[in-house]
Amino acid sequence: MSSPTPGALAQLIADRTGVAVDVGSTSMLSAFDVYRRLAQRFVAGRTVLIGDAAHQVSPIGGQGMNLGWLDATELVPIIRASLVDGDDVGRELAAFGVRRRRAAATAARQAHLNMALGRPLPRRVLTARNALFGRVNAVPAVHNTIARTFTMQ
Ligand SMILES: Cc1cc2nc3c(=O)[nH]c(=O)nc-3n(C[C@H](O)[C@H](O)[C@H](O)COP(=O)(O)OP(=O)(O)OC[C@H]3O[C@@H](n4cnc5c(N)ncnc54)[C@H](O)[C@@H]3O)c2cc1C
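Each chain has its residues counted from 1, following the order in which its sequence is written. The model is predicted, so local features are restricted to residues of pLDDT at least 70 and side-chain atom pairs to those at 80 or more, both for listing and for counting; the totals for chains, interfaces and linings are taken over all residues. Side-chain numbers come from the whole structure's heavy atoms, not from hydrogens or water.

(A) Seen up close, the packing of helix α2 (residues 64-83) against helix α3 (residues 90-118). Look at α2 against α3: their axes get within 11 Å of each other, and the N-to-C directions meet at 170 degrees. The pairing of α2 with α3 is recorded here as roughly antiparallel in orientation. Counted together, L67, L70, D71, E74, L75 and I78 of α2 and E92, L93, F96, R99, R100, A103, A104 and A107 of α3 form the full contact between these two elements. For the contact of α2 with α3, a count of residues per class yields 9 nonpolar, no polar and 5 charged. The axes used here are C-alpha line fits, helices contributing only the stretch in contact, and every angle between their N-to-C directions lies in the interval 0 to 180 degrees. Here a strand is any run of E in DSSP of at least two residues, a helix any run of H or I of at least four, and the numbering for each starts at the N terminus. The scheme is simple: roughly parallel for angles under 35 degrees, roughly antiparallel for over 145, roughly perpendicular for 65 to 115, oblique for anything else. In what follows, residue pairs with any heavy atoms lying within 4.5 Å of each other are defined as contacts. Side-chain classes are defined by residue name, with Ala, Val, Leu, Ile, Met, Phe, Trp, Tyr, Cys and Pro counting as nonpolar, Asp, Glu, Lys and Arg as charged, and the others, Gly among them, as polar.

(B) Structural detail: the domain arrangement of the protein chain. Here the domain parsing of the protein chain yields domain 1 (1-31), domain 2 (34-119) and domain 3 (121-153). Listed per partner, the contact involves 10 residues of domain 2 and 8 residues of domain 3. Accessible-area loss on putting two parts together, using a 1.4 Å probe and summing over both, is the definition of buried area adopted here. Between domain 2 and domain 3 the total buried area reaches about 720 Å² when both faces are included, carbon and sulfur atoms providing 58% of it. Taken as a group, Q110, N114 and L117 account for 64% of the area that domain 2 buries against domain 3, more than any other trio of residues on that side. Pairs of N or O atoms are called polar contacts if they sit within 3.5 Å, as long as, within protein, a hydrogen donor faces a hydrogen acceptor (for residues adjacent in sequence, only side-chain-to-side-chain pairs). Across the domain 2-domain 3 interface, the total number found is 2 residue pairs in polar contact (both at pLDDT 80 or more). The residue inventory of the side of domain 2 that touches domain 3, partitioned by class, reads 5 nonpolar, 4 polar and 1 charged. How far each domain reaches was decided by an automatic or database domain assignment.

(C) Highlighting a negative patch on the surface. The grouping of D85, D87, D88 and E92 at the surface amounts to a negative patch. Within the element layout of this structure, D87 appears in the loop between α2 and α3. Patch criteria: residues need more than 30% relative accessible area and no salt bridge. Like-charged residues are merged within 9 Å; nonpolar side chains of Val, Leu, Ile, Met, Phe, Trp and Tyr are merged within 5 Å. Computed with the Shrake-Rupley method and a 1.4 Å probe, the accessible areas treat only the protein chains shown as cover for residues. Any carboxyl oxygen of Asp or Glu within 4 Å of a side-chain nitrogen of Lys or Arg constitutes a salt bridge here. Neither His nor the chain termini are counted; the positive set is Lys and Arg, and the negative set is Asp and Glu. Charged groups are reduced to one reference atom each: NZ for lysine, CZ for arginine, CG for aspartic acid, CD for glutamic acid.

(D) Spotlight on the site of the ligand. The criterion for a residue being near a molecule or strand is simple. One of its heavy atoms has to lie within 4 Å of it. In the region of the ligand, the neighbouring residues are F32, G51, D52, P59, G62, Q63, G64, M65 and N66. Separating an oxygen atom of the ligand from a side-chain N or O atom of D52 is a distance of 2.7 Å. G64 is positioned such that a nitrogen or oxygen atom in its backbone is 3.5 Å from a nitrogen atom of the ligand. Its free accessible area being 1000 Å², the ligand has 32% of it covered by the protein chains. Class assignment for the residues of the shell around the ligand results in 3 nonpolar, 5 polar and 1 charged.

(E) Geometry of the packing of aromatic side chains. Under the pairing criterion, centres of Phe, Tyr and Trp rings, with the six-membered ring standing for Trp, must be within 6.5 Å; the plane angle then separates stacked pairs below 30 degrees from edge-to-face pairs above 60, leaving the rest tilted. As enumerated under the stated definition, the model contains 0 aromatic pairs in all. Above the plane of the ring of F133 lies R129, whose end atom (NZ or CZ) is 5.7 Å from the centre. Criterion for a charge above a ring: Arg CZ or Lys NZ at most 6 Å from the ring centre, at most 35 degrees from the ring normal.

(F) Layout of the pattern of salt bridges. What the rule picks out here adds up to 3 salt bridges. R100 is paired through a salt bridge with D71; the nearest N and O atoms lie 2.7 Å apart. You can see R100 sitting in helix α3 and its partner D71 sitting in helix α2, a full 29 residues away along the chain. D71 matches R100 in its accessibility class, with the two residues each being buried. Here E74 makes a salt bridge to R99, at a shortest N to O gap of 2.7 Å. Here R99 lies in helix α3 and E74 lies in helix α2, a separation of 25 residues in the sequence. Residue classification places E74 among the partly exposed positions, given a relative accessible area of 26%. Given a relative accessible area of 39%, R99 falls into the partly exposed group. Any residue under 20% of the maximum accessible area for its type is buried, any over 50% is exposed, and the rest in between are partly exposed; the area is computed with a 1.4 Å probe on protein chains only.

Have a look at this one:
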């Protein structure tokens, strides 16, 4: 929905869930596209990519900005060691790039899975899938894995 309106959103909710929401009570509305991008490398010489410049993940798990903050938190001591202590930090930077790219790839995969599970499906397929999930989810080990994945742990 590139130009959302309260009426169009209410219609979408009604179509997907059968629930009628009060259009008049809308106080704000915005739309966004979902991107999944991962830079091939985060470090090139003295140039470092962090945040969305390095990785864009679906917002479904609330991970994007957290990943960026974690990038920054890990990068600061490396910059400090270079600028303040005069250390050669080439190796630390390379390891940082690999570590943070791996973390971003994991978050992107989990968010992608959660997105896929939330996509609309024909009612019959959805009912069958939910019944299957309900049964499988009764197994404690599976239940815990699903819970961890869905909450992006
Ligand atoms: C709907 C939605 C919900 C989200 N919810 C969450 C959440 O709950 N938790 C979470 O952790 N993350 C969430 N995110 C992700 C989060 O918003 C982003 O990961 C985060 O904003 C990225 O921060 P950033 O500083 O790396 O990049 P940006 O926020 O994109 O900032 C980059 C800035 O650089 C500026 N800029 C670009 N080019 C130039 C230029 N040439 N010169 C100068 N300035 C420039 C841009 O204008 C922008 O202000 C959500 C995202 C969306 C879309």
